[in-house]
Amino acid sequence: MKKILITGGAGFIGSHVVRRFVNRYPNYQIFNLDALTYAGNLENIKDIQDKPNYTFVKGDIVDESFINDLFSKHNFDGILHLAAESHVDRSIEDPLAFVKTNVVGTMNLLNVAKNQWKGNFEGKRFHHISTDEVYGSLGTEGLFTEDTPYDPNSPYSASKASSDHFVRAYGETYDLPYILTNCSNNYGPYHFPEKLIPLFINNIINNNPLPLYGDGNYTRDWLFVEDHAVAIDLVFHKGKNHETYNIGGFNEWKNIELVKLLCNLMDQKLGRIEGTSQELITYVKDRPGHDLRYAIDASKINKELGWKPSVTFEEGLEKTINWYLNNQEWLKNVTSGSYKDYYQKQYS
Ligand code: NAD
Ligand code: DAU
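Cut-offs used in this document
Residues numbered from 1 in each chain as written. Chains lettered and ligands numbered in written order. Predicted model: local features only at pLDDT ≥ 70, side-chain atom pairs only at ≥ 80, totals over all residues. Heavy atoms only, no water. Axes fitted to C-alpha atoms, helices over the stretch in contact; angles between N-to-C directions. Helix = DSSP H or I, 4+ residues; strand = E, 2+ residues; numbered from the N terminus. Parallel < 35°, antiparallel > 145°, perpendicular 65-115°, else oblique. Left-handed = near helix turned anticlockwise from the far one by under 90°. Contact = heavy atoms within 4.5 Å. Nonpolar A, V, L, I, M, F, W, Y, C, P; charged D, E, K, R; others polar. Near = heavy atom within 4 Å. Polar contact = N/O pair within 3.5 Å; in protein donor to acceptor, adjacent residues only side chain to side chain. Areas by Shrake-Rupley, 256 points an atom, 1.4 Å probe, with all protein chains shown as cover. Domains from an automatic or database assignment.

Trainee: I'd like a rundown of the packing of helix H6 (residues 196-205) against helix H10 (residues 313-326), residues and numbers included.
Mentor: Pairs of packed helices are described in terms of their axes, by the angle between the two and the distance that separates them. Put simply, H6 and H10 touch, their axes get as near as 11 Å, and they point 50° apart. It follows that H6 is oblique to H10 by the angle criterion. Considering the relative orientation of H6 and H10, their crossing is right-handed. On H10, the residues that touch Ile197, Pro198, Ile201 and Ile205 of H6 are Leu317, Thr320, Ile321, Tyr324 and Leu325. Its residues assigned to classes, the contact of H6 with H10 shows 8 nonpolar, 1 polar and no charged.

Okay, structure coming up:
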């Protein structure tokens, strides 16, 4: 039986990846390692907690001796590394937290994998999950390809770029069998309501202002989270070692257009008169260093592995809105306590 370690599996994307692997690969023993920070939540994966091929381990990837002990107990065959500090605005407030988890934490995992697998890389794989933000910002034209030079602008993207470089360096220097994926903006169920789409859904439900940064003309490429999980599964199993695959939704939206669409869909779902939620849109001070536009060229993963998004944006948004409306208890739980302090500080 293969032993697979997934880090960050109580977070947004990680929970979808863990669920997919546990349900799809009963012959794998899946270990979910997560520190349960503000962004990690066992509620996100409670449907799989009793599966025989699943083990949850609470622990911090920054803790070197803990990681060493875990690896000396289990000879993992594969690692899917998703644990990270993931929110750009928080990285502007506290960059060091991002260096610790995203850089030092990744280094700890690379070191134990290198030491444990040394000399026997057969069937082993270190899959590092990263972001398109490492490429910096596009102007109004062009797409990020796997060959676009790194040019990160925020402390978050600088920390992810640094971890990507270390992963590649361990491949070149020690032959570590790594694979890298860089993905665009995800959305879907279990998304923490600090990010644009779930934050605005929550605020629309509660009739609170929708704080749009700057002029609202920033552009992102959106992908339904389950399509990202499918792509990760495919790359982990079929991708080539020492390669990068870009993953994107072929789905660019200016923030203001996306928010108007979201408002209209929410008005329909909540039985409100069309236009009601749009009145909540409030232009606020811009994010410092705000990247204008991200857009992924996902033709490599499409041509080599046959992946493409399966869910249209309209379908994905509808599934997402329905999930939040049906899971308002989840929303209430994650927005109580320290979330209130974060919100006050960020938006007051
Ligand atoms: P998230 O913030 O929702 O979840 C991160 C998870 O990591 C949480 O469960 C948290 O408890 C855990 N974690 C944080 N620090 C840890 C530590 N020191 N030790 C162990 N666990 C720790 O993040 P997400 O949005 O699901 O992103 C997952 C990964 O995908 C990240 O590496 C992120 O950079 C990348 N990514 C995210 C997106 C996106 O749109 N959300 C897009 C592309 C890539
Ligand atoms: O591109 C992939 C990245 O997408 C991931 O690596 C990150 O982990 C993920 O957080 C996301 O980063 P963004 O900064 O693009 O996502 P966010 O949801 O924070 O913001 C999306 C856009 O909406 C961005 O242009 C900023 C804007 N925004 C965001 C918030 C939270 C607002 O206008 N108002 C807000 O309150």
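Trainee: Which residues make up the site of ligand 2, and what values go with them?
Mentor: Among the 26 residues in the neighbourhood of ligand 2, the closest are listed as Asp132, Glu133, Tyr156, Arg287 and Tyr347. Between ligand 2 and arginine 220 there is a distance of 2.8 Å, counted from an oxygen atom to a side-chain nitrogen or oxygen. When ligand 2 is considered free in solution it has 690 Å² of accessible area, and contact with the protein chains removes 94% of it. For the shell around ligand 2, the secondary-structure elements that each account for two or more residues are helix H3 (88-93), H6 and strand E8 (210-213). Of the residues belonging to the shell around ligand 2, the class tally is 12 nonpolar, 7 polar and 7 charged. Each of domain 1 (2-187 + 221-247) and domain 2 (196-219 + 252-293 + 313-335) gives at least three residues to the shell around ligand 2.

On their own, these measurements won't tell you what the molecule is for.
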